[in-house]
Structure formats: structure tokens, C-alpha cells
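# Summary of the model geometry
Okay, here's what each chain looks like letter by letter:
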Amino acid sequence: MAQESSINRASRRTRILNNHLVQSPSDPTSCLRSNSCLSYTPPEETESLDFDTKEMRKILDLHNLEDRDWLFGVIKQGKVFNGKERGGRLFVLPEYNQTMEQQREMTMKRIEYLFERGVFDGWLMKKGVEAELKKLAFLDVIQNFDQSLAVMLGVHFFLWGGAIQFMGTKRHHDKWLRDTETFGLKGCFSMTELGHGSNVRGIETVTTYDLKTGEFVINTPCESAQKYWIGGAANHATHTIVFSQLNIDGVNQGVHAFIAQIRDADGNICPNIRIAECGHKIGLNGVDNGRIWFDNLRIPRENLLNSVADVSPDGQYLSAIKDPDQRFAAFLAPLTSGRVTIATSAVFSSKVGLATAIRYSLSRRAFSVTPNGPEVLLLDYPSHQRRLLPLLAKSYAMTFGGNYLKMTYVNRTPGSAKTLHVVSSAFKAIFTWHNMRTLQECREACGGQGLKTENKIGHLKGEFDVQSTFEGDNNVLMQQVSKALLSEYAAAKKKNKPFKGLGLEHMNGPVPVIPSNLTSSTLRSSQFQMNAFCLRERDLLNRFAAEVSLYQSKGESKEHAFILSYQLAEDLGRAFSDRAILQTFIDAEANVSAGSLKNVLGLLRSMYALICLEEDAAFLRYGYLSTDNAAAVRKEVTKLCGELRPHALALVSSLGIPDAFLGPIAFNWIDANSWSSVKH
């Protein structure tokens, strides 16, 4: 047999050599003619749409759909948005070959363009839920195009403008809000310092009251007190909100907020102020982040934002909130709007990446599974489905979570402040982590095409990376969530009353039981999924409370005990977030009538719940799932990938993102890379 095999190999090599030798030299390409080149086939020609994508979009976007589509059109038509033709289609693409200075100027030109078309009308002067929802819808659209533009608007309207709205009183509203909305001034928000970012309570800028002149005097006493990463400060802002320790007669009254002018109308830096550049960044170079030092800067007494506390002309400190901790929490109110918009923008970014990567995978082929057979679509590989479809389900789930967060924000009351703080902290962390993971997976799933900036995925990674740390480091925010849950736990136990609020009512019922043998129907049951999530959350909360108490019994302070229990705190923060997100998904699904749309939502909800069960080691670490049940979960996720595969095109088409806002490889990637496109 070996001799025969050797003879066959020699015969085959002889034939190959003979073909080379007898080939006509006048036709050097004849050897290629038998091979057919790949051609682009739009997935719409081969993929079915088994549910109404317009109805799905209504469920996802929830509000102001017509307003969104109008603004998408405004951006597509504007030359300042850098429309480029690729493969016979128009795409709006942020410039990626411009200098930092050019990017900043382009951001300001885009703001001017949108302002002239009335996009910002009512962003501060109109009141009520409808006005706030329209503003949030427009911000959703803008961040689909360019995060630098969205951040600059967020700083001006939500941070500077929001601080004046929430922390100021009528005198501030009358003086500053209209000029803010019409860009008669440009505002920024000076909270973060070189030495203190998340630890706002520890900032070192000092403001004293001069009784003789009736003025406040702001000082940067040391280098670590310089205001740092202040968006808008390096080039454009004329005014800023300064967060500073307030010193009255030698007594530190804690952190307060003041209005200060830093430039005149001609852009000249004001006396007693120094401003410097933060430098080139890995993303968001359209935002002019700067540093600010104050040297005995004098401002009127009326420039103290005084809704929480005030100083009388004779230097008396006045506040209805006597508890310093509660007073400090009130001063941080403007950050809530920032966390809300960051969370929702992160989900939209993940959608852009997924829509581009999944559409590409529905037309790009690679390898064949039979000799001389056709190459296989990327998304027909189970491994490729496993990479992208669970992330798509998570993005759907987080969309519903984001909608809940937005509605809680626009309908906020003093009684909902705690819920809004905890949920916005949790969702901001979870959503931004998810976004970065999703964009990395989408980049890899697109291979070399994912490296091209014009295909957006890599560009979005750089632009959105900062979200994990600004307006609250994610790890710190998750610890705040766990600390709030621990506080609720301690209060309920001390008063011997049922849990109420933050979704902890499930703690009042019996402990959920996980079946020893998980079938497919059980795994897909929303009741089982919620039971599993609630079991994890309540057990981790009990463990966390017990561990903190144990450390305290050994002489540790409450704060240090909390720090030592950080691992349980992290697990608990994620458990709270996942359970809260799942609840919003179940609530959204409940409002949909029976049919194909509800069926596919059920698949997505199950995928979200089960991928969380699979990915969080806590389910195995603490024994909520046996190894056999964990294996069953993994097997079910694979089955769900196969069942979601036929709906992939419909699911990304439902996201409401116009074609022009995706990467060119989402469509005819061959034409987009053709020689004619190079010449064009």
C-alpha cells in the first residue's frame, strides 16, 4: 500500500509539472479563468424578515422616532459632516486624518450648523417630560455620528447648564440659561482635579469669602488641585462651574459650586486664571480638554449656586440641609444626567458595531466545508454566531434598561433620587463595559476590514474608551451600588421591616430554588431566569453584609470593612445590574401582543439571561448552579444562537440606525474597496 501511495503522489506531481510546462506563455492568466471571484450578494436577497422591523424599532427607540429621523436627515445633508461615497452609497464619517486642532474646530462648526437649524431649541428653556425626551432623542442621534460632538454638547447643556438648573435658583436661571441655550456663552464643568477624580469630596481647590468686598476668592493651592480633563476649557469655554471646598471663617463647609468666567467674548483668558492643554488622547480629540489654575480669582457672592446652601452678605453660612453627607450628595445631582446619557450612548455605540459586523458576516464568505464547494457565510459558522449574537441580545436588553433609566430620569421626583442614583451608576458601568467588549469582538469578527477607520468599529473603540472612567470610574460606581444595597439591607434588618425599593422586594419572599435538572423549557422560562438572578442577588447581599459585619467585629471600621469586602461588592453590583436589566426586558416583552415579534423577543431575553448565567462565575462559585446545570446552560446558548441566526438581518435592521451611519463594509464591501473607489 505504501509503494502504491508513493507512485500515486509521483504521478500527481508529474501531471502538475507537465501542466506548467505546456501552458502557453502568451496567456499568463489562463490558469485563473476557471476560478470564480467572490461577488457581493445583498443579504436582503437571501435573508427573511419574519417580524415587523418597524414595530421592533418602536419598541427599542420608544420615543421621538420622527424627531430622530429628521435629525438623521439633517446630518446626512450637511457638508460639515463629511459625507463620503463608498460602493455607490453615502456614508457620514468623522475625519480621521485631521490634527487635534482641526478636529476641535470641526466640532464647533458642527455645533453651529445644528444650532442654525434649531436642533437645540428648548434644550434648557422648555420644561416638562416631552421637552426632555426630545433632547435625549437628539443626543442619541448625534452620538451615532460623532462622540466628540455629543460630549461637547453634554458638557455645555447637561453639565454646565444642568448645574445651573439643578443647583442654582431663579437669579441664576434668569441670568445664565437663555445665553447657554443660544450659545451667547460656552460653558464647561470644573470638578475633576489632577489629584482627585472619583473622590470629589477630597478636591483641593479652596474658596473663601471676603467679608469686606462681598466676594468669593477661588484659589488653586497646589499642583494636584489644578482642574484637569475639563472638556471645553482648552480653547472654547467662556465660563465654568467650579467645584471647590468652601471655607468660611476658617471652617470648611465642604464642596460647593460656583460660576466663574474664564474667557472674555473675544476668547482672551481672564486675569488670575491660567489654562493649559491636556494633550492628544486615544480618542475624543474633537473635545478640547484643558487644565485650569485659579490665582485669587474674585467672583460675586451671587455666583455661588445656592439651591442647597448660601452665604449671606455678612458671611453667615446658611443651609436647610444640616447633614454634610446629604448636602454633598445634593451637590452631585448634575452628574446623574451625565451617567444617563453615557449609559444610553454606550448602547448605541455597540449597536453601530454590531449592525456593521453582522451585516458584513451576512455577505462575506470564508472557506468551504467540502472539496471545491462554495465558501461559507461567516454568520453560518456556529462559532461566529457565538461571538456576535449573545452580544446583540445583550444590546437589546440594555436598550430596554436604558429606556427605563431615561424615563426614571425625566419623571424624577425627590422620592426617586436614590433609585435614580443607584440605577444610573449601575447601568453606566455595565453598559460601558459591554460596549468596549462588543466593539473589540466586532473588530475581530470583521478581520482586516475592522482595522479600517472608515468602517467605524475601531474608531468607536477609541472614542468611547473614556466612558469607563469619566463621570465615575466604573469600579467605584459599582461599589457605590453595593454600598447602597448594604444600607437598604441594614435599615430593613434594624427596623425589622420588609424590603422596599431598588427592586429588592424579592428579598421578602421565600428563597428561590433552582431545579436539579434544567430542561430547555425551564431554561427559557422568564420565571426561572428571574429566580436565578434574584437568588444570586439576595445570597450575595447576605454574604456581603455578613462579611462586612465580621470585619467590623474584628475591630475594622465600617469603611475599611467595606474596602476589604470588595470582591463580594463587585459580584453584588453585577448581580443587581443584571437583575434590574432583565426586569426591564420582561416588562417590555409583556407589552407586546402574541406573534412573531414577541417570539423573537423571547429568544433574545433567554439569550440575555443565559449568557449572564454562563459568563458570571458567581453562579458556580457560590453553588447556585451545579456543573451539570452550567453545562446545560452552555448547550442552550448554542441552540439559541442557531435559532436567532435566521433573524439576524431583521434584528440589526430594527435598530433604527440609517445605512449612512454604519461602516461601508455593512453593505457592498467589494465595491467599497474596488479600484474605482480608489480613483474616486
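Structure first, text after, so check above.
I will try to describe carefully the structure that is included in this document.

Conventions we followed
Residues numbered from 1 in each chain as written. Predicted model: local features only at pLDDT ≥ 70, side-chain atom pairs only at ≥ 80, totals over all residues. Heavy atoms only, no water. Helix = DSSP H or I, 4+ residues; strand = E, 2+ residues; numbered from the N terminus. Rg over C-alpha atoms; globule rule 2.2 N^0.38 Å. Buried < 20%, exposed > 50% of the residue type's maximum accessible area, 1.4 Å probe, protein only. Contact = heavy atoms within 4.5 Å. Lys, Arg positive; Asp, Glu negative; His and termini not counted. Charge placed at Lys NZ, Arg CZ, Asp CG, Glu CD. 1 Å grid on protein atoms, 1.4 Å probe; cavity = no way out; pocket = protein on both sides within 12 Å on 5 of 7 lines; lining within 4 Å. Points joined across faces, edges and corners; volume = space filled by probe spheres on them. Nonpolar A, V, L, I, M, F, W, Y, C, P; charged D, E, K, R; others polar. Expected span 1.5 Å × (residues − 1). Axes fitted to C-alpha atoms, helices over the stretch in contact; angles between N-to-C directions. Parallel < 35°, antiparallel > 145°, perpendicular 65-115°, else oblique. Core = buried A, V, L, I, M, F, W, Y, C linked by side-chain atoms within 4.5 Å. Pairing = 2+ DSSP bridges. Phe/Tyr/Trp six-rings, centres within 6.5 Å; stacked < 30°, edge-to-face > 60°. Lys NZ or Arg CZ within 6 Å of the ring centre and 35° of its normal. Polar contact = N/O pair within 3.5 Å; in protein donor to acceptor, adjacent residues only side chain to side chain. Left-handed = near helix turned anticlockwise from the far one by under 90°. Salt bridge = Lys/Arg side-chain N within 4 Å of Asp/Glu carboxyl O.

### Here's the deal with the overall build of the protein chain
Secondary structure summary: the protein chain contains 23 helices and 15 strands in total. A globule of 680 residues ought to have a C-alpha radius of gyration of about 26 Å, and the protein chain, at 29 Å, matches this closely. Dimensions of the protein chain along its principal axes, counting C-alpha atoms only, are 105 × 65 × 50 Å. Burial status across the protein chain gives 55% buried among its 680 residues. Summarising the internal contacts of the protein chain: among those between residues at least 6 apart in sequence, 74% fall at separations of at least 24. Measuring between centres, the 77 positive side-chain charges of the protein chain sit 3 Å from its 71 negative side-chain charges.

### Here we look at empty space enclosed by the protein
Empty space among the atoms can be located by rolling a probe the size of a water molecule over them. Considering all chains together, one arrives at seven cavities of 30 Å³ or more under this definition. By volume, the largest cavity is sized at about 90 Å³. If you list the elements that add at least two residues to the lining of the largest cavity, you get α4 (100–116) and α6 (147–167). Looking at which element gives the most residues to the lining of the largest cavity, the answer is α6, with three residues. Of the residues assigned to the lining of the largest cavity, the class counts are six nonpolar, five polar and one charged.

### What to know about helix α20 (residues 627–644)
For α20, which comprises 18 residues, the first-to-last C-alpha distance of 26 Å matches the rise-based estimate of 26 Å (1.5 Å per residue) to within 8%. Looking only at α20, the buried set comprises N629, A632, V633, E636, V637, L640, C641 and L644. Its buried side turned inward, α20 meets α10 (382–410), α14 (520–523), α18 (596–615) and α21 (648–653).

### Digging into the side chain of T238
On the secondary structure map, T238 appears in the loop between β6 (227–231) and β7 (239–248). Residue T238 is classed as buried on the basis of its relative accessible area, which comes to 12%. The contact partners of T238, leaving out residues within four places of it in the chain, are L185, K186, A260, Q261, I262, R263 and D264.

### Notes on unusual backbone geometry
If you check the backbone angles, L62 has positive phi at about 70° while not being a glycine. Looking at the element boundaries, L62 is found in the loop between α2 (53–61) and α3 (65–77). Phi at W229 is positive, roughly 65°, even though this residue is not glycine. By the secondary structure assignment, W229 is in strand β6. The exposure class of W229 is partly exposed, given its relative accessible area of 46%.

### Digging into the packing of α10 against helix α17 (residues 566–590)
At their nearest, the axes of α10 and α17 sit 8 Å apart, and the two run at 85° to each other. Taken together, the axes of α10 and α17 are roughly perpendicular relative to one another. Across the interface between the two elements, A393, A397, M398, F400, G401 and Y404 of α10 pack against I581, T584, F585 and A588 of α17. Taken together, the residues of the contact of α10 with α17 sort by class into eight nonpolar, two polar and no charged.

### Structural notes on the environment of S487
Tracing the backbone through its elements, the reader meets S487 in helix α13 (residues 474–495). Under the relative-accessibility criterion, S487 is labelled partly exposed at 45%. As a C-alpha pair, S487 and A660 span 173 residues in sequence and 48 Å in three-dimensional space.

### A look at the nonpolar core
Counting residues in each nonpolar core, the largest one holds 205 residues, and the members touching the most others are L114, I241 and I358. For this core, the leading source of residues is α6, giving 13 residues. Setting aside anything within four residues of it in sequence, one finds I358 in contact with L379, L388, L389, L392, A648 and V652.

### Some remarks on the pairing of β6
Within β6, four of the five residues are buried, which leaves the element mostly enclosed by the surrounding structure. Sheet topology note: the β6/strand β10 (residues 289–294) ladder contains three bridges and is antiparallel. In the strand pairing of β10, G231 is matched with N289.

### A short note on the packing of aromatic side chains
For the coordinates displayed, the defined rule picks out 25 aromatic pairs. Site record: aromatic cluster; members linked through ring pairs are F115, F120, W123, F157, F158 and F183. R89 extends its terminal NZ or CZ atom over the ring of F667, reaching a point 4.2 Å from the ring centre. Of note, K483 hangs over the ring of F562, and the distance from its end group to the ring centre comes to 4.7 Å.

### As for the environment of V141
Along the chain, V141 falls in helix α5 (residues 129–145). We classify V141 as buried; its relative accessible area is 1%. C-alpha of V141 to C-alpha of Q567: the two residues are 426 residues apart in sequence and 37 Å apart in space. Excluding residues within four positions of it along the chain, V141 makes contact with R68, L71, F72 and I75.

### Comments concerning the sheet that holds β10
Taken in spatial order, the three strands of this open sheet run β6-β10-β9, and their pairing is antiparallel. Pairing within the sheet leaves two strands with one partner each, and these edge strands are β6 and β9 (273–277). Between one strand and the next, the sheet's axes are offset by a mean angle of 35°, whatever the strand orientation.

### Description of the layout of surface pockets
Here the second largest pocket defines a volume of roughly 280 Å³. Lining the second largest pocket are 15 residues; nearest its centre among them are K394, I430, R437, R574 and E615. Of all the secondary structure elements, the ones that give two or more residues to the lining of the second largest pocket are α10, α11 (417–445), α17 and α18. Broken down by element, the residue count for the lining of the second largest pocket peaks at four residues, all from α11. Within the lining of the second largest pocket, the residues separate by chemical class into six nonpolar, one polar and eight charged.

### Describing α2
Looking at α2, one finds that the buried residues are T53, M56, R57, I59, L60 and D61. Capping the start of α2, D52 holds a side-chain oxygen 2.9 Å from the backbone nitrogen of K54, two or three residues further along. Just downstream of α2, L62 is the residue with a positive phi angle, here 70°.

### Observations concerning the packing of α11 against helix α12 (residues 457–464)
Close contact between α11 and α12 brings their axes to 9 Å; oriented N to C, the two are set at 155°. On the basis of their axis angle, the class for α11 and α12 is roughly antiparallel. Here α11 and α12 pass one another in a crossing that is left-handed. Of α12, the residues touching α11 (which contributes N435, M436, L439, Q440, C442 and R443) are I457, L460, K461 and F464.

### Overview of the pattern of salt bridges
Tallied over the entire structure, the rule returns 39 salt bridges. Between K394 and E615 there is a salt bridge, with the nearest N and O atoms lying 2.7 Å from each other. Taken together, the residues span a long stretch of sequence, with K394 in helix α10 and E615 in helix α18 at a distance of 221 residues. Under the relative-accessibility criterion, K394 is labelled buried at 11%. Classification of E615 by relative accessible area gives partly exposed; the value is 36%.

### Remarks on the environment of P510
Within the element layout of this structure, P510 appears in the loop between α13 and α14. Counting along the chain gives 44 residues from P510 to V466, while the straight-line C-alpha distance between them is 42 Å.

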